[in-house]
Amino acid sequence: MKIYSFFLCLAISSCSCQYQTVARGKKYSEASSSEYKLYFQDDQGNIVSPWHDVPLFTQTDQSNQTYNMIVEIPRFSQAKFEIHREHLMNPIVQDIEDAHLRYLPNLFPWHGQVCNYGAFPQTWENPFHEDEWTGLKGDKDPIDVCEIGSKPEPTGTVLPVKILGILALIDGGETDWKVIVMNSKEAAEKNINTLDDLGEKYPGLLESVRKFFRVYKVPSGKPENKFAYNGEVKDKALAEAVISFTHKAWKEMINNCSISGEDVGSFNTGNTQQGSACTVGREEARGEVDRQPLYDPVEAKLPDTVNEWSFLQSSASRRTRGAGIFQAFSLAVLVVTLLGGFL
């Protein structure tokens, strides 16, 4: 088993090197004229769509048990980065809410996002059709992924991962699946193949992930999220079935170059490597990147509120009824400064 794990680690470690990121604009800038965008290119220097051109499965694992994850939000960071559905070549951008860049709250004792958060390429949670498990329509995006390995991964990483399970979050009447994974190298080294293995190695981790996704919107004045299956993290079999379902939906969308709908926006299916009706030339893709403002390596100042902690106080009824009811309030930022003589 150790020999197999060693060779598996060698096979998957080079996967992310097949892609590099190309930054444009100024990170954390609120000015539309310097909007930060993170494009992708392959090892030949061709601009690619992280949504449409990066394959769902790694090319080194012929068993199709290793998936490519696009990391959007590194663990313990707050900026809400995501693959943009509407821009040509689908760069990663920071989400906007109420005319300002969006940041995740620091829910005590967490700091920002609880996992390396991102998406699987070549998947689509179709907002026009109901799925067979929840009876609800999809949330419009590629399917979300929560990677629970031991270290943060940078935004734009193409990370080979192993599927462990899936959580069915219900958001605004839509299904917003969260696939639970671990980076394949670490999973092989630690012999983690199932949710049971994960529970033995890291007791309490899944419960923390589930709680985070239940309450992370509460500090902004929104209600707790709800789940299908009573919040149970389902096993790998269901996860793979759901991924297959969303991959099939993506295959149907990739030849439609004008998908849009009321209340769902539009979907840019431009790509450079799929040979579909929506494929664009390499020059056009590169031109799209070159038209963006040049990259400014000096990051904009973060809002003062980004490092504030939010405390959630549960009611007694939650313990008796099992229904989460929390009251949120924010405390001023806790700054620990090491000064001589200061305690």
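Residues numbered from 1 in each chain as written. Predicted model: local features only at pLDDT ≥ 70, side-chain atom pairs only at ≥ 80, totals over all residues. Heavy atoms only, no water.

Undergrad: Tell me about the overall build of the chain, and please be specific about residues and values.
TA: When you go through the chain residue by residue, the secondary structure sums to 7 helices and 19 strands. Each of the 343 residues in the chain was classed as buried or not, and the buried ones make up 51%. A separation threshold of at least 6 residues defines the contact pool for the chain, and within that pool the share at least 24 residues apart is 68%. Counting only carbon and sulfur atoms, one obtains 52% of the accessible surface of the chain, whose full area is about 16,700 Å². (Helix = DSSP H or I, 4+ residues; strand = E, 2+ residues; numbered from the N terminus. Buried < 20%, exposed > 50% of the residue type's maximum accessible area, 1.4 Å probe, protein only. Contact = heavy atoms within 4.5 Å. Areas by Shrake-Rupley, 256 points an atom, 1.4 Å probe, with all protein chains shown as cover.)

Undergrad: Give me the lowdown on helix α5 (residues 236-253), citing residues and values where you can.
TA: Given a rise of 1.5 Å per residue, 18 residues ought to cover 26 Å, and the 25 Å separating the end C-alpha atoms of α5 matches this to within 8%. For α5, every residue scored as buried is listed here: Leu-238, Ala-239, Val-242, Ile-243, Thr-246, His-247, Ala-249, Trp-250 and Met-253. Of the surrounding elements, those touching the buried residues of α5 are β4 (66-73), β12 (158-171), β13 (174-183), β15 (234-235), β16 (259-261) and β17 (265-267). (Expected span 1.5 Å × (residues − 1).)

Undergrad: Tell me about the side chain of Ser-34, and please be specific about residues and values.
TA: If you trace the backbone, Ser-34 turns up in the loop between β1 (19-24) and β2 (37-42). Setting aside residues no more than four positions away along its own chain, Ser-34 makes contact with Gly-25, Lys-26, Ser-29 and Pro-293.

Undergrad: Account for the environment of Ala-99, naming residues and giving values.
TA: Along the chain, Ala-99 turns up in the loop between β7 (96-97) and β8 (100-101). The exposure class assigned to Ala-99 is exposed, which follows from its relative accessible area of 65%. A C-alpha to C-alpha distance of 9.0 Å links Ala-99 and Glu-30, two positions 69 residues apart in sequence.

So yeah, pure geometry; function would need other evidence.
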